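# Understanding the architecture of this molecule
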Amino acid sequence: MLDEIVSVAQRLCEVESAAVVLVDGERLRVATYEAPDAGAPGVTLPLTRGSVNGRAIIDRRTVHVADLAPLIDTEYPDVRETQARGGHHAVVAAPLLVGTESIGSLSAWRIEAGPFTAEQIALL
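Presented here is a report on the structure given in the accompanying data block. Here the structure is a predicted model, which means the values were calculated and not measured.

Here we take up the side chain of Arg55. Along the chain, Arg55 falls in helix α2 (residues 52–59). Take Arg55: its relative accessible area is 9%, and that puts it in the buried class. Ignoring any residue separated from it by four or fewer positions in sequence, one finds Arg55 in contact with Thr48, Arg49, Arg60, Val63, Glu75 and Tyr76.

Following the sequence through the fold, Ser107 ends up in strand β6 (residues 101–110). Polar side-chain contacts of Ser107 include one of 3.3 Å to the side chain of Asn53. Each residue touching Ser107, except ones within four places of it in the same chain, is listed here: Ser17, Ala18, Ala19, Asn53, Val92 and Ala93.

What counts and what doesn't
- Residues numbered from 1 in each chain as written.
- Predicted model: local features only at pLDDT ≥ 70, side-chain atom pairs only at ≥ 80, totals over all residues.
- Heavy atoms only, no water.
- Helix = DSSP H or I, 4+ residues; strand = E, 2+ residues; numbered from the N terminus.
- Buried < 20%, exposed > 50% of the residue type's maximum accessible area, 1.4 Å probe, protein only.
- Contact = heavy atoms within 4.5 Å.
- Polar contact = N/O pair within 3.5 Å; in protein donor to acceptor, adjacent residues only side chain to side chain.

Rendered as structure tokens:
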């Protein structure tokens, strides 16, 4: 089911890549993804505000970044390597909530910088 959610998000948001990331203790684990250059599912990152997904999960709100690259050193240092490898710039992540508990996020990203539309953000 997660694969289908990611595939639909990718198509409707018109992006190259989308993923579901789940909280796994103090880490974020990639559960499923659609991306031309992404690593394998199971890749982990620390659960901090230093990634767009982490921030969406911790803050329990959608996080939208029109251009990630200039914010790597100040706002999102946890994704420095993945941003450099994949070259993505525009990112949006929505928390996956069960009641008030944030269990993960659904995110979409694309190579070109620029904002997502309000409709695309609402779809996530």
